Amino acid sequence: MKQNKIIESTDIIKELKTITSIGGYSIWNIFEDWLDLMLFALMRNDSEYLKIVGKYKNDKEFGNREIDYFCKAFAYLMICMRQTNEDVLGAVYELLELQNKHNGQFFTPYPICDMMVKMTDVKKSENVNDPCCGSGRMLLAYLKNITNKQADDTVFVGQDNDYTCVKMCALNFVFFNMNGYIIWGDTFAVETRKVFKTTRSYCGGSIIEIDTSEYKKEEPKLIKSNQSITHKREMFKAFKNKK
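Please read all numbers here as calculations on a predicted model, not as lab measurements.

**Q** Would you mind showing me how to read the nonpolar core here?
**A** When a protein is soluble and globular, its nonpolar side chains tend to lie buried together. Formed by 59 residues in total, the largest nonpolar core has its most connected members in Ile12, Leu16, Phe31, Trp34, Phe70 and Phe156. By residue number, the principal contributor to this core is helix 4 (residues 66-84), which donates nine residues. Dropping the residues within four chain positions of it, Trp34 is found in contact with Ile12, Leu16, Phe70, Ala73, Phe74, Leu77 and Leu89. Residues Tyr181, Ile183, Ile210 and Tyr215 belong to the second largest nonpolar core, which totals six residues.

Listed below in structure tokens is the structure:
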């Protein structure tokens, strides 16, 4: 591959769809496994990584096995993100038409995210919370509108009821080198099913999965700056208590 070749989302999709042609796998399962492979690799969880690899035959010659196409898609993702500085994962997800439109799942276009951030005060460092984060696009827009020093001092929190979105957001937090927490659970039900924690550093982002009890100790400080979310949660609790 030439060094100056422009990589697009469609190049990534081509690699993932090649896997479907090899063994008749569904594109939904392939996308989910691709996310898991990237997450487990970044968390250095070899046992879970190899479980995903073991789901595929991988009986072709080197370079044409299913795992080779997964790896190539990851490489293309990194190149495309470096060239565009955009949410490429979310774009691939949308182009594959995997979003659940029946449940009202639509991703906000990035220009609108950027406009919304520019309409807010981002001059000071604070915690930023998106209660239905999708792939994290709104939080990425916020990151791009602050300085490196502000990014060092800011904690980003994303939550979503869709686990696929949670994984995409968690990966984006690592790729864009963000301090943050990504929670799987219903925000309005005050639900916390799983939590990923990402850490920003000069060497790039890192990720671990933490116990939900550990996150709940930090949660009051993290949502303090977002009074609207706190208010909605209190309303939901009051509604539940009346039933």
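**Q** Would you explain the side chain of Asn58 in this entry?
**A** Mapping Asn58 onto the fold places it in the loop between helix 3 (46-53) and helix 4. A relative accessible area of 19% places Asn58 in the buried class. A polar contact of 3.1 Å, which involves the side chain of Asn58, links it to the backbone oxygen of Val53. Of note is the side chain of Asn58, whose polar atom sits 3.0 Å from the backbone nitrogen of Ile67. When residues no more than four places from it in sequence are discounted, the contact partners of Asn58 are Val53, Arg65, Glu66 and Ile67.

**Q** Even after reading the chapter, I still don't get the sheet that holds strand 1 (residues 128-130), so can you show me in this structure?
**A** Strands belonging to one sheet form pairs held by backbone hydrogen bonds; the direction of such a pair is parallel or antiparallel. Across the sheet, five strands lie side by side as 1-2-3-4-5; this open sheet has mixed pairing. For this open sheet the edge positions go to strand 1 and strand 5 (206-210), each flanked by a neighbour on one side alone. Sheet twist, expressed as the average angle between the axes of neighbouring strands with direction ignored, equals 15 degrees. Taken together, the three bridges between strand 1 and strand 2 (residues 156-160) define a ladder with parallel strand orientation. Bridging from a neighbouring strand, Asn129 pairs with Val157 of strand 2. The strands touched by helix 9 (residues 163-175) are strand 2, strand 3 (180-184), strand 4 (194-199) and strand 5; relative to strand 3, the strand with the most contacts, the crossing angle is about 170 degrees.

Definitions and cut-offs
- Residues numbered from 1 in each chain as written.
- Predicted model: local features only at pLDDT ≥ 70, side-chain atom pairs only at ≥ 80, totals over all residues.
- Heavy atoms only, no water.
- Core = buried A, V, L, I, M, F, W, Y, C linked by side-chain atoms within 4.5 Å.
- Buried < 20%, exposed > 50% of the residue type's maximum accessible area, 1.4 Å probe, protein only.
- Helix = DSSP H or I, 4+ residues; strand = E, 2+ residues; numbered from the N terminus.
- Contact = heavy atoms within 4.5 Å.
- Polar contact = N/O pair within 3.5 Å; in protein donor to acceptor, adjacent residues only side chain to side chain.
- Pairing = 2+ DSSP bridges.
- Axes fitted to C-alpha atoms, helices over the stretch in contact; angles between N-to-C directions.

All we've got here are geometric facts, nothing functional implied.
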